[in-house]
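# Tertiary structure, described
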Amino acid sequence: MREISCKLLVIGAGPGGYVCAIRAARLGVDTVVVDPAPPGGTCLNVGCIPSKALIHAAEDFHRLQALTPGISATGAVDLGQVVAWKDGIVARLTGGVQTLLRKAGARLITGTATLRDGKTAEVATPEGPVLLRAEAVVLATGSEPVALRTLPFGGKVISSTEALSLAEIPARLAVIGGGYIGLELGTAFAKMGAQVTVVEAAPRILPQYDEELTRPVLSRLSALGVRVLTGARAGGLSPGGALRIATDDWAEEIEADRILVTAGRRPRSDAAGIPALDLDREGAFVKVDAQCRTSMKGVYAIGDITGEPMLAHRAMAQGEMVAEIVAGHPRGWDRRAIPAVCFTDPEIVTVGEHGGAGTITGLFPFAANGKAMTEAREDGFIRVTARADTHEVLGIQAVGAGVAELAAGFALALEMGARLEDITGTIHAHPTRGEALHEACLRALGQALHI
C-alpha cells in the first residue's frame, strides 16, 4: 500500500474543506485533501450553485409571462438545455477549485477516506488504497438529505439532488417540506409551469423565520398558483401511486408525477470512520470548541457536521480559521454576524437578532421605495433592531426581490458595531433598494422621512 505523510489532512472538499486546504497550503502547511466527488461539495455540485441557476432560469421564463405593460414575448422551457447550462457552470467552478488547490500546493486525492485513528486514514482510490499519515486532521464531511421512512427515495420520490437534473418539468409536483430548500425549488418549478403542492407539517412555512418575514413569501406562492398545506403530514403512496397526506381533521390523496422530499439534512458525522474516534457529540453533530477543536487532540471539525447553522459560508469561515491555527497563527471566530439567505420569491435575509427587551425596531416597506416600484416588485421590507440605550445595531432582516445582495452590507454593519446613527449618517445611493435600510434606521430613531 502506498503511504503519504503530511502535516494536515482534510477529509471532505466541500466549501469548508477546500477553503481550509487552500489557506493552509498558502501558509506553507503540507496539506492533503480527500473527497470521492469533485471539489465543491454539496453546495457547488448539487446544492447552492445549481439550484440558483435553476431559480434564475425559472425567473427568466416567468418574466416572459408577465412583462412590463407595453412589452410582450413568448417562450418555452427546454429543461434539458437549462440543466446542461447549469452543469456547465458547475464544471467551471469545480475545475476552478481544482486549479486553486493545485496552485496553492495542496494535494487533492479522489477517493473515500476511512480513519483508523486521529492521525491515520486509509483512502480507497481508483488506483488502489493509500495510507495517509498526518499531524492534524480536519473533518469536513458535510451533510446529506433526510429520507422519510414512508417515502424512501426512488422512482417518483426524489431528493433535491435529482430535482436539479430532471429531464423534463413535472406536470404535477408535490413538495414535502416547506423549508427553504423545498420552497426554493418548488417556486422555480411553479414558474416553469408545474402544478405545485407544498406539504408542511408545521403550522406555517419557513418556521425558522418569524411570521412577519414569511408572510410576503406565502402571498407570492398563492399568486404563483402554489397550493400550500400546513399542519399536514405526508404518508406513503396509495396503491395507485398517489401521495397520502393527513391533518388532524382530514386526509387526502394527491396525484403527483414527482414527489420532492425536502425534510431537512443530517450531518455525515458517521462517515469516513468518524465513529471510531469516539468524539464528544451534541446529538448527531460533532462537538467542537470556539476554534473547532474536537475532544481529540489534533482533530478538528468544520461545517455541517458541527451543527447549525448549516451554511456554506459558515463552513468557509471555520475552514479558514482552522487552517491558520494549524499554521501556528492565533485565531478566534466571532459568530455574531452570520447572514442567512433564503432564495425564495421574494428572498429573505437575516443577520443578528430581532426584538427583545431593551431594543427598538424600525421597519421600512419596499412599497415606499422608488427602485422597488420601477421593478414592479414592491412586496417586502427591511427591518432593523438596535439597543434602545446605545443604538448599537443588533440585527437586520429583509424580505423582498433581490435582497440577497444586501446580505454583506447587513453583516458588515453588525461586524463593525454600527449604531443607527452610523447608518443614517451614510449617504445611500438613489434609487436603490438599499435606501430602505437608511429609512428603517431613521424610523427606529423616530426620524422617518419617506413614510
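Further remarks concern the packing of aromatic side chains. Summed over all chains, the structure comprises 0 aromatic pairs. Just above the ring of Phe366 sits the side chain of Arg433; from NZ or CZ to the centre is 4.7 Å.

Moving on to the pairing of strand β4 (residues 112–115). Covered by surrounding structure in β4 are Ala113 and Leu115 only, the residues Thr112 and Thr114 on the alternate face being uncovered. Here 4 bridges tie β4 to strand β5 (residues 120–125), and the two strands are oriented antiparallel to one another. In the sheet register, Thr112 faces β5, and the bridge partner there is Ala124. The turn linking β4 back onto β5 is made up of 4 residues.

Attention shifts here to the sheet that holds strand β13 (residues 243–246). Strand order in the open sheet made by the 3 strands is β12-β13-β14, with antiparallel pairing throughout. Each edge of the open sheet carries a strand with a single partner, namely β12 (233–237) and β14 (251–254). On average, each strand axis in the sheet is tilted by 25° relative to the strand beside it, whichever way the strands run. Pairing of β12 with β13, which is carried by 3 bridges, proceeds in the antiparallel orientation. If you follow Arg233 over to β13, its bridge partner there is Ala246.

What follows concerns helix α10 (residues 407–415). Those residues of α10 that fall on the buried side of the exposure criterion are Ala407, Phe410, Ala411, Ala413 and Leu414. An end-on view of α10 places all buried positions within 155° of arc, on one side of the element. When the buried face of α10 is taken as reference, the exposed residues oriented beyond 90 degrees from it are Ala408 and Leu412. Residues of α10 that are buried make contact with β20 (340–342), β21 (347–352), β23 (381–387), β24 (393–400), α11 (420–424) and α12 (435–444). Within two residues after α10, Gly417 carries a phi angle of roughly 70°, on the positive side.

Definitions and cut-offs
Residues numbered from 1 in each chain as written. Predicted model: local features only at pLDDT ≥ 70, side-chain atom pairs only at ≥ 80, totals over all residues. Heavy atoms only, no water. Phe/Tyr/Trp six-rings, centres within 6.5 Å; stacked < 30°, edge-to-face > 60°. Lys NZ or Arg CZ within 6 Å of the ring centre and 35° of its normal. Buried < 20%, exposed > 50% of the residue type's maximum accessible area, 1.4 Å probe, protein only. Helix = DSSP H or I, 4+ residues; strand = E, 2+ residues; numbered from the N terminus. Pairing = 2+ DSSP bridges. Axes fitted to C-alpha atoms, helices over the stretch in contact; angles between N-to-C directions. Arc of directions from axis to C-beta. Contact = heavy atoms within 4.5 Å.

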